[in-house]
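One-letter residues, chain by chain:
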Amino acid sequence: MSDETESVSMIEAPETAHNAHSHGTGHRWFDIVMAVAILLVSAGSLYVSLHTGHTMEALVKENERLVRAQSTPILQFNHGNVTEDGEKALEFGISNVGTGPARVMWTELHSEGKTYREMSDYVKASGSGQVTFITSQINQSVLSQGEERRILRWNYPKDPAAQKRWELINKTRFEATAKACYCSVFNECWTTNMAADLPQPVKSCDR
């Protein structure tokens, strides 16, 4: 009887592959804390992003407001009865005390219930006879920042009848009011009484 070697084949079970990208750590509470932390970081990033957007929007609006404030003309009506040289004369003028040029579209003067669109009509309506005065056009013109334009100068006349008219206007000029409509270089328009009131925005200066 011969000896025979019996060969036994050994089959090894394959190794179980481990997922290298597994999100779990095996510690339940630690995983929960990490998930909450990630959510909090995401929420914080979203809040910062939204807050930054609102801040930028507010800065843009503030910049637009500053630009308008730096280019908003304001008209002022003024008058007197003595010139800078000390001469006796009635003077009426309009000045731009705001910022930026003003495109003056129209002006009018109100006195004793009447409206005058020309200073010459205002002077002539005070009586009869011939008077000599100087007027300057301001309607449909540009008044630069800080500019003052004299729209009427009437030196004290020598004629007694003209003197009465001069004195009448000198007395009633404090009750007279002026109104104007003007626009900025950005086509923003206002009406104003050219006093201490704030100009009122309007779409255009059409009468």
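Located above this text is the structure these notes cover.
Residues numbered from 1 in each chain as written. Predicted model: local features only at pLDDT ≥ 70, side-chain atom pairs only at ≥ 80, totals over all residues. Heavy atoms only, no water.

**Student:** Could you give an account of the pattern of salt bridges, naming the residues involved and the relevant values?
**Tutor:** Any two side chains of opposite charge can pair, so long as their charged atoms come close to each other. Applying the stated rule across the entire model yields five salt bridges. In this structure, the salt-bridge partner of Glu87 is Arg153, at a minimum N-O distance of 3.1 Å. On the criterion of sequence distance, the pair formed by Glu87 in the loop between strand 1 (75-82) and strand 2 (88-96) and Arg153 in strand 7 (residues 148-155) is long-range, its members being 66 residues apart. On the accessibility criterion, Arg153 (17% relative accessible area) is buried. Several salt bridges converge on common partners, so that one network encompasses Glu87, Glu91, Arg150 and Arg153. (Salt bridge = Lys/Arg side-chain N within 4 Å of Asp/Glu carboxyl O. Helix = DSSP H or I, 4+ residues; strand = E, 2+ residues; numbered from the N terminus. Buried < 20%, exposed > 50% of the residue type's maximum accessible area, 1.4 Å probe, protein only.)

**Student:** Go over the environment of Asp206, please, and point to the residues and values.
**Tutor:** Counting through the fold element by element, Asp206 comes out in the segment after strand 10 (200-202). Counting along the chain gives 101 residues from Asp206 to Met105, while the straight-line C-alpha distance between them is 8.5 Å. At 3.3 Å, the side chain of Asp206 and the side chain of Ser204 are in polar contact. (Polar contact = N/O pair within 3.5 Å; in protein donor to acceptor, adjacent residues only side chain to side chain.)

**Student:** Any details on unusual backbone geometry? Residues and values, ideally.
**Tutor:** Of note in the backbone geometry, Asn187 takes a positive phi value of approximately 60° without being a glycine. Note on placement: Asn187 falls in the loop between strand 8 (177-183) and strand 9 (189-192). With phi around 55°, Met194 is a residue other than glycine that occupies positive phi space. Among the structural elements, Met194 can be located in the loop between strand 9 and strand 10.

**Student:** Go over the packing of aromatic side chains with me, naming the residues and quoting the values.
**Tutor:** Per the stated rule, a full pass over the model turns up five aromatic pairs. Members of the aromatic cluster, connected to one another through ring pairs, are Phe77, Phe92, Tyr116 and Tyr122. Lying over the aromatic face of Tyr156, Lys88 brings its terminal NZ or CZ to 4.2 Å of the ring centre. (Phe/Tyr/Trp six-rings, centres within 6.5 Å; stacked < 30°, edge-to-face > 60°. Lys NZ or Arg CZ within 6 Å of the ring centre and 35° of its normal.)

**Student:** Got a sec to walk through the state of the cysteines? Specific residues and values, please.
**Tutor:** Counted according to the given criterion, the structure contains two disulfides. In this model Cys181 forms its disulfide with Cys205; the gap between the sulfur atoms is 2.0 Å. On the sign convention where negative is left-handed, the bridge of Cys181 and Cys205, at about -85° about the S-S bond, is left-handed. Here Cys205 lies in the segment after strand 10 and Cys181 lies in strand 8, a separation of 24 residues in the sequence. Residues Cys181 and Cys205 agree in their burial class; the two are buried. (Disulfide = S-S within 2.5 Å.)

**Student:** Could you give an account of the pairing of strand 9, with specific residues and numbers?
**Tutor:** What you see with strand 9 is no split at all: Cys189 and Thr191 on one side and Trp190 and Thr192 on the other are buried throughout. Judged from the four bridges that link them, strand 8 and strand 9 form a sheet pairing that is antiparallel. By the bridge assignment for strand 9, Cys181 is matched with Thr191. Hairpin connection of strand 8 to strand 9: five residues between the antiparallel strands, including Asn187 at a positive phi of 60°. (Pairing = 2+ DSSP bridges.)

**Student:** Quick one: what's the story with the nonpolar core, residue by residue and with numbers?
**Tutor:** By size, the foremost hydrophobic cluster in this structure holds 27 residues, and its most contacted members are Leu75, Phe77, Phe92, Ile94, Leu109 and Tyr122. Mapped by element, the contributors of at least two residues to this core are strand 1, strand 2, strand 3 (102-111), helix 2 (119-124), strand 7, helix 3 (160-172) and strand 8. Not counting the four nearest positions on each side in its chain, Tyr122 is found in contact with Phe92, Leu109, Ser111, Tyr116, Ile169, Thr172, Arg173 and Ala176. The next biggest cluster of nonpolar side chains, apart from the first, holds five residues, and it includes Trp106, Cys183, Cys189 and Cys205. (Core = buried A, V, L, I, M, F, W, Y, C linked by side-chain atoms within 4.5 Å. Contact = heavy atoms within 4.5 Å.)

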